[in-house]
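# Understanding the architecture of this molecule
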Amino acid sequence: ACAMSQPILWTAAWNNLETLQLGEWIDASVANFYLLHVWYDGLAKSRLRYLDMYAAMAMNLSNMELDDIRKYHFIPDTSEQQDEDEFESTTYHNNYHSDDEEQQQNSEEYDAVPIDQPEADMETVRTDHYISVENGCPVVPIGFIVDDGVQFLAIVFDFPRRKAHVLGCDICDDDMNVDGEDPHDWQAWNGPEYWDRAATLHGWDSGDLDDISVVSYEWRQHGIDRTATACSIMEQTIIHGLGEDGALPVDVSQVPCGHTLRIKILRIVAGQVKTSYNDYMILRESPPSSWKDDLPPEEEDLDEVRTGKYHAKCNLMLQTLAVISATCMTCKYSYLGATLPEDRRTRLSQLLKVTKEISMARDRNSIVPRALGTHIPVESEQSTEDYGQDDSQRSSAAKASRKRVSNWSLGSIKRFPRPTAPPAMAAYTGRQWLPDDRNFDHYEGGPTIEMMRPPIDVHPTMIYHSSHMELSAAWVTWVDHGYRIKPSTFHMFYQCQPIATMEHIMPIGTLDSYDASIQVPDRVTGAYTLDRTGARQGHVRVNDVVIFSASEMIKSTEQYDPPLHEECRYGHDLFVRGCTSGLGGDERPIYVDLELDAIKFDTEDILISVDIDSIIWTTKMLRLRGTIGIYMTPPCHSKPGISKHNHTYLDLLIPQSEEDAHEPGGRTEWLSLRVKMDSIPHLCIGRISSAASTLNVYMFFPRLKHDDPISGKRVTIIPNDIEDTFWDRVLLPSIGDCADISWQAYMKQSLHEARYKNKGGPGATSGRRTSKIIPLSNDDFIDVQARMHERIKDGQMELSMFGSCFFVLEGKGIKLITKDGQRGRFLGPEEALLRNLPDLDWHHMMDRRHGELLVDVGISFTPRSADVPVVGLWRLDALEASFGAGGYNQGQLHHHNTLSRYGALQAEMQRERSQQTHVAFRSAYNLYYEAVRTTNNKVGFATDSDAYKTSSNYMMECFNLERVLTGSKDKTYGVRDEYRTSGKAARLILDSVISRVSVPQRAEEYLRSDPVLWIPSEIWFGFLARRVREIQRTQIAIVRRQPPNLGILTSILNYMLRSTTSTPIVFDSHLRESLALLEYRNVLETAGMFFLHEFDLSSHTCLYDVQQQDDIMVLALMGANAKDQRTRAAARLEMSRADAESESAEFPLGRRPSWARLKSAIASSPGSVMKPWVWPSRLINAQLSISRLFVMCTRHLWLMLKDEIFQGIRPYPASLQEAMQCWTITSITDTLGIASFDACNVGLQDHTGVTPGRMGPRSMSFADRLSIFFPNPTSPKMGNSQWSSLWTGEGYIAEFHRLLDRTDEDEKVILEDGLRDILSNLHCLPASTAAAVWRVKQSGIVFVTNPAFYKIECLGRAGDSQRRPIARRPVNIIKGKRIFTADLMEVTPFDAFGALRKQSDRQKRRDLHKRLTKANKHKRVPPPPRPRTQIRPFPLSKLHQSVCNDIMDVDT
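Definitions and cut-offs
- Residues numbered from 1 in each chain as written.
- Predicted model: local features only at pLDDT ≥ 70, side-chain atom pairs only at ≥ 80, totals over all residues.
- Heavy atoms only, no water.
- Patch = residues over 30% accessible without salt bridge, like charges linked within 9 Å, V, L, I, M, F, W, Y side chains within 5 Å.
- Areas by Shrake-Rupley, 256 points an atom, 1.4 Å probe, with all protein chains shown as cover.
- Salt bridge = Lys/Arg side-chain N within 4 Å of Asp/Glu carboxyl O.
- Lys, Arg positive; Asp, Glu negative; His and termini not counted.
- Charge placed at Lys NZ, Arg CZ, Asp CG, Glu CD.
- Helix = DSSP H or I, 4+ residues; strand = E, 2+ residues; numbered from the N terminus.
- Phe/Tyr/Trp six-rings, centres within 6.5 Å; stacked < 30°, edge-to-face > 60°.
- Buried < 20%, exposed > 50% of the residue type's maximum accessible area, 1.4 Å probe, protein only.
- Polar contact = N/O pair within 3.5 Å; in protein donor to acceptor, adjacent residues only side chain to side chain.
- Pairing = 2+ DSSP bridges.
- Contact = heavy atoms within 4.5 Å.
- Expected span 1.5 Å × (residues − 1).

The next subject is a negative patch on the surface. A contiguous patch of negative charge, built from Asp740, Asp779, Asp780 and Asp783, is present on the exposed surface. Structurally, Asp779 is set in helix α24 (residues 778-794).

This is the structure we're talking about:
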C-alpha cells in the first residue's frame, strides 16, 4: 500500500489513463503502474523480480534513493545487519529459488558485493523498497520497462544465464522510425547501464558486460498495440517465470488482441488508482520518507477521484473499448481460446446447424415459387403432452396421492372442420424481389457467424464481477452481430400487382346444407341413430339434459339475487354448476343454446362499412410531406414500442461465415432470415401528430438483434446505456450539425443538457419526464438522416451497432377518421386518411421501391335495429370454414365467455399464397369487446392472488365490470372482419367499395351464409353480468370456507371470470392441469359452455375432480405469505436496490438478498426461491450398499411419524432416486399437512470468501450432516432421545454400524464419501439435532433447505428487520418407542449388501411359538389374596367364598 500510494506513481498513471483509448500509444507510466500491481498482487508466487520503471532508469541516484528502491522491491542487502524479526517480516513473501543445478552454479558467481554508499542514504532506499540485509538476495531474473521517448521496450534480464530478453524492439517502418539504429544492439537503449544498475541495486556483481547474450522478439502487430502486448508478455513472465531453457513462458503470436489487453489494463489500473488514492489520504499526514521529493497531487486530481468524475471517465473509456472488442474478430477468438482450427471450418450448412439463431436462414432469391393446390391448409395441432405438471420434484408416494391427467388435450379447445378448400393458384413466374445492391449497406468486414456464439469462458450475466471495475454486459452483447439489410428486406409480397385478392376476402366456406340455427350437437339432442345402415329409425332419446337459452337462465334467477355474502342456490347452480335446482336432489344438467334468442335480419338491414384501421410503413429513408417531432431525450418506457407480434416480417441478411470473409473477391454468401418485426431492437425517436391521431416513428437496429445467452429468448428492449449513446452521439449531434446558426440555441445540445432542461420544476432531478419534442421539416429530417449515417460510419466499430438502421412509421386506431370517408365527407377511407393526415407522402409510401406499406382494411357489419339493440357474435363453425376457404393458417381461436360455438378467429395466410395475393393476416372479432376494451388494449383484470384473498382490488374489478356490462344493454354492437394487406391490395379493396362492384356484393353474399348470430343486447350483457356476479359470489364463499385446494379453485373461477370479456392465456401449469382433469373440451361440447358440474360448497375440497391440496408452487402464485409473482415485477427494483440487477426468473430475490429476506422467502414460499431438484446422473453408479442404506434411512425416518400427520401416502421408496425425491420441497408439501422450511447460511459467500449480512451461527452443510444421520459407533448415544430406537435392533443406524464392522478402512471411506455425496444433493432434510430426529415449529415439522439450490449468488447486507413469529405450543408428531419398534419390525429390512433377510418356514414357526409362549409367560396374573388377620364379626357364607374363588382362579 505504501509503495503503490506514492504520488508519483498513481497520479502519473491517472493523468495518462486516456492513452488507453484506441489510436493512442499507452503511456509508460500506465504500463509501469499496471505491472507493479501485477507484481505486488502475486508476490508470494512470483518467479521474477519486477523493477519500478523509475527505479530501473540508468541514471545516477543517491544512496538514499537506492535504498528506497530496494525496500519497495524486497531486495536484500548485505551491507547492513538488521534485526531478525524485521528480516523475517520483509522476506516472508520472497520465495525466489533456482530451478536447476546450472542456475545454482551461476548464482554462486554473483557474490554479494557491498555498495560503497553512505549508510544514511542506503537506509532510506531500503525502507522504500523492502530490502533486507541479513542474507544475500538470490540471483533471479529481473524485469522492467524502458521508455526513452523513441521506443517502448519490456526487458527481462536473466542474470543466471546472462541473457537479456528484449520485447517490443521490432518497430514497423510505417509505425515508427528508429533512425537506422539496430534493434538488436542494446547499446541503443543503454542496456549495459541498466544491467549494471540492476546488479548493483541487488548487491550482485554485474560481471563482464561483453558476454551478455541479447535476445530480441519480433511480432507483427499494429504499432500502437505494442505497449499492451509487451505488458501482457511481461505479466506472464512475472507469473510463470522463465522456462527451464530460459525462454519466455508465452508465445508472442498467441497474445490477445490489443482491445482485450487495453480493457484488462484499464480495469486494473482504474481500480488500483482508487485504492492508491484512499491509501494516500490515510498516509499523507505522516508520509513515508520516500515521498519527500514527490510533489503532492493536484487538488483537481483529488476532487475528480473523490467526486466520481474519475469513475465516469473510466466507464466511458471502458464502454468504448468493450463495444469495439465485442465486434472484433481477433478479440472474439481470443475469448474462445484460439483461432478455430481448419477442420472446424466446415461447410456453411453445417455451420448454420450449430448456430440456433440463424438455423432457418436461406437464400430467398433462389426459392422457386410453386403452384398452390386446393388442399385444405390445416396445421397440425400442437401436442399438449409437454403441458403436463412437472412431477420430477415428487416422490412416488407424493405422486400416488395426486390425481393424474389421462389426456392433456381435453384441457384445450376443439377446432371445427374446414370443409371447403382454398382457390387454386398457378406458380408465380414474375419478378419476386428487388435486385440486390452492394451499395445498399456495408456488407464487407463485419462480424461473422462464428462470432455469434457467446464466449464460453464468460459468465453470461448482466455484471461481470471484478475486484476492480465492473464491465456491463450491455457493452458486450448490444453490439454489431453482423446482420445487414438488402433492398428487399422490407418486402413481404412479390413485386407484382395483387393476384386474386378479392377471392380471398370474406370467402364462404360452409356447405349448402349448413343450417346456422342448429348449434346443439347430436350427443345432446339424441338426433342420431344406432342403425348401421343409416336409416332414420331407432333414435336415441336423451332426457337428462335441459336446453336453456340465455334469456331463460336470466329469467329463472332474476328473482333470486341476494347480497353477495349470502348463498344463491339458483344462480349458483345455473351459472356456475350448469344444472337445474331440482327438489329432492333431482338436478339435471343444462345446455346453453343462444340460437333460441336469435334475431333474424335481412342483408338489406345490415349496414356494411369499410375503414382503414392502421398503417405500418417500413423504409430506409423516411420521407414526409409535413413536420415530424423528434424527442430530445429517450422517452420513458417499460417495454419496446412494438412489444408483440404485429404479423409483419422482415428478411435480414445473416452474417457471412469466416471462410467467406477471407475469400478474395468479395462476399458470395447472401443467405437471409425471415424474422418478426417485433424481434428487432428499436427505439421510438419521434411522432407525427395531428388533431386526429398520433403516428409513432421508430428506428430499428437489426445489427443489435441477439438472443439472451441464458434463456435463449430474444431481447428487444434496449438498455439505457445504449439509448443514451445513440441520442448523445448520433441523433442530437446530427440535429445540431444540420441546424442553422439561428436555430442552434434551440436544437444544438447534448443529452445531458436536454435532460437538465427536461427535469421539470424545483427539486426534480431525474430528467425522466415526458420528453421535449422539437419539430423538423421533411427537408431538415432528410439531412439529419444523412448526417446520422455519416456519424455512424465515422464512429467505426464504436458506433457500428447502429448501422443498417431503418424506420417504421406506425399509425394505430385511425378508423374513426377514415370510416366510410368520414360519413360521406370524402370519397372513401383513403381520401379521408390523406386529408386528415396531410404530413404523410402517400404516393411515396405506395411506391414499393422505397419500402413496404401495410394497411389494415376493416369491414364492419352492424344491424339497423333502433328498437331492439343487438349484439353480433361470430359463429365459430362458419368462421372456421371461411378461413379455410381463404387459405389461412390455423391461427388462434377465441371462445367468448367459454361458449363452445361463438367467438373470434385470427390467422395469417399461407406464405406462398400471401406473397401473391398481398394479404398477410385476417382477424374476425366481435365488436362488443369495445364495451370493455381498455385504452392500451391490455386485459388488466384482478390477479389470482387478489381473488385468493378477495381483496378490495378484486371486489372493485368485479363491481366495475358488472356495472359496465349492465350499462351496455342499450347499445348495438356488430362484428368486424379485418385484413392486413399491402398498400396496393388495400387500394384494390377500397376502390371496389367506392365503385360498389365487388366488396358490397361479396359482403352481402357472405352474410347470406349466416356466419353471425344476432342476439338482443339486454340478454347478452345481462347474461354476462349474472355470470360475473355468481362467480364472484362463489369465490367469496370458498374463501370463507378455506378449503385445502383454495388456490386451485381460485384459478379456475378467475379463469371463468376473465373469459367473460376476453380469452385468457393459460400460463400456470396447475390451471392447465385442472382444465384437463375437468375435461374442459368435453364440457364445452356437452353443455355449450364451461361449467363446474361437480362443484359442491358443502364438501371438504368443493371440487373432487381437481387436486385436493395446493402445492408449494400454487401457494407461491396465490401470494400466500409472499407477493404474487406476476405482479411482483413492478416492486422488484425497489426491493433490490443493493443488487447489481433487478429480480428475474433466475434470481427472484435478486442476486444478493439480505439474510433476513432470504429466511422470510424460504419460510413462506421456498418453491419460488429454490431451483428444481435434479437427479444426479452420476449416482446411478453408486454402490448398492450405499443406496440400500439411504433407502433404509428414508423409510425409517418417515416411519417415525404418526399417521394423522400425513395428508398423502407415507413415503416408502424402492430406489435411491425415489428416496432422494422424498426430500424435495414439492414431495414434502404434498406428503405432510403442515411443513416449515428454514434457510441454511453455509456456502453463501461472495467472490471474496466473505458471507455479508449472515446472521446467527454458521449452519452445518448437508455433507457434514452425515455425523447426525449416520453417526459413528463411537459417537455418544443419548438413551432417551428419538434416535435411540434407530441405534438398536432393526434401525438403519444399527445396520450402518454392522456394515462398518465388516468393512476395512478404505471401504469405510468410500461408504462415508458416498453418503456425503447423496446428502449434499438433497433438496431438504429434517432439521435434526443430536437429540431429536424431528423438530416442530409453529405446529409444522421443520425442514432445512439446501443452499446449493438457492436462486442467489451470495448473501447481501442486512435488510429490513423481520417481526419474530408468535411461538406456539409444539405438536406431538412422533410415535412412541414401543409403537415405532413394532412398526420397524413389520417393515422388511435388508442388510447393507442388499441381501434380503429371508426366513425358512421352520424359523417362522419357531419365532411365532416364541412370541406366543413369551406372551403367556408374561401375562399379568393378579396377586394372591393377603391373609386377613382381622376377626370378622360373623363368618362368610359359602356362596360368597365360592364366587371369590371363581374370580381368582386364573387356570379355569
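Let's shift gears to the packing of aromatic side chains. A full pass over the atoms with the stated rule returns 45 aromatic pairs. Taking the centre distance of 5.2 Å and the plane angle of 70° together, the rings of Phe701 and Phe726 count as edge-to-face. With a gap of 25 residues between them, Phe701 in the loop between β15 (694-700) and α21 (720-738) and Phe726 in helix α21 connect regions that are remote in the sequence. Residue classification places Phe701 among the buried residues on the basis of a relative accessible area of 0%. The buried category is assigned to Phe726, whose relative accessible area is 0%. Residues Phe861 and Trp874 carry aromatic rings whose centres are separated by 6.5 Å and whose planes lie at 90° to one another, so their mutual orientation is edge-to-face.

What follows is about the side chain of Ser1059. Relative to the assigned elements, Ser1059 resides in the loop between α36 (1046-1058) and α37 (1069-1077). A polar contact of 2.7 Å, which involves the side chain of Ser1059, links it to the backbone oxygen of Tyr1055.

Let us look at the pairing of strand β12 (residues 649-653). Consecutive side chains of a regular strand alternate in pointing toward one face of the sheet and then the other. With five of five residues buried, β12 is to be regarded as a mostly interior element. Burial of the side chains of β12 extends over both faces: Tyr649, Asp651 and Leu653 are buried on one face and Leu650 and Leu652 on the other. Here five bridges tie β12 to strand β13 (residues 672-676), and the two strands are oriented antiparallel to one another. Looking across to β13, one finds that Leu653 is bridged to Ser672.

The subject of this paragraph is the sheet that holds strand β5 (residues 213-217). One open sheet holds the five strands; their spatial order is β1-β2-β3-β4-β5, and the pairing between them is mixed. The open sheet is flanked by β1 (49-50) and β5, the only strands paired with a single partner. Taken together, the six bridges between strand β2 (residues 142-147) and strand β3 (residues 152-158) define a ladder with antiparallel strand orientation. Pairing of Gly143 across the sheet is with Val156, part of β3.

Turning our attention to the pattern of salt bridges. Going through the model one piece at a time under the given rule, you end up with 48 salt bridges. A salt bridge links Asp1010 to Arg875, with the nearest nitrogen and oxygen atoms 3.6 Å apart. With Asp1010 in the loop between α34 (999-1008) and β24 (1012-1016) and Arg875 in strand β19 (residues 870-875), this residue pair connects regions lying 135 residues apart in the sequence. We note a salt bridge from Asp977 to Arg922, for which the minimum N-O separation is 2.9 Å.

To continue, consider the environment of Gln1109. For Gln1109, the location among the structural elements is in the loop between α38 (1080-1087) and α39 (1112-1118). For Gln1109, a relative accessible area of 26% gives the class partly exposed. As a C-alpha pair, Gln1109 and Gln1207 span 98 residues in sequence and 8.8 Å in three-dimensional space. If near-sequence neighbours (up to four positions away) are discounted, Gln1109 is found in contact with Pro1044, Asn1045, Ile1048 and Gln1207.

Taken together, the side chains of Lys639, Lys644, Lys812 and Lys938 make up a positively charged region of the molecular surface. Within the secondary structure layout, Lys644 lies in the loop between β11 (627-631) and β12. In this structure Lys644 comes out as partly exposed when scored by relative accessible area, which is 49%.

Residue position: Arg431 is located in the loop between α15 (396-400) and β6 (463-464). It is 7.2 Å that separates the C-alpha atoms of Arg431 and Cys496, two residues lying 65 residues apart in sequence. Residues in contact with Arg431, not counting those within four places in the same chain, are Tyr494 and Gln495.

With 26 residues, helix α10 (residues 258-283) extends 36 Å between its outermost C-alpha atoms, agreeing within 8% with the 38 Å of an ideal straight helix rising 1.5 Å per residue. Of all the 26 residues making up α10, 19 are buried; the element is thus mostly covered by neighbouring parts of the structure.

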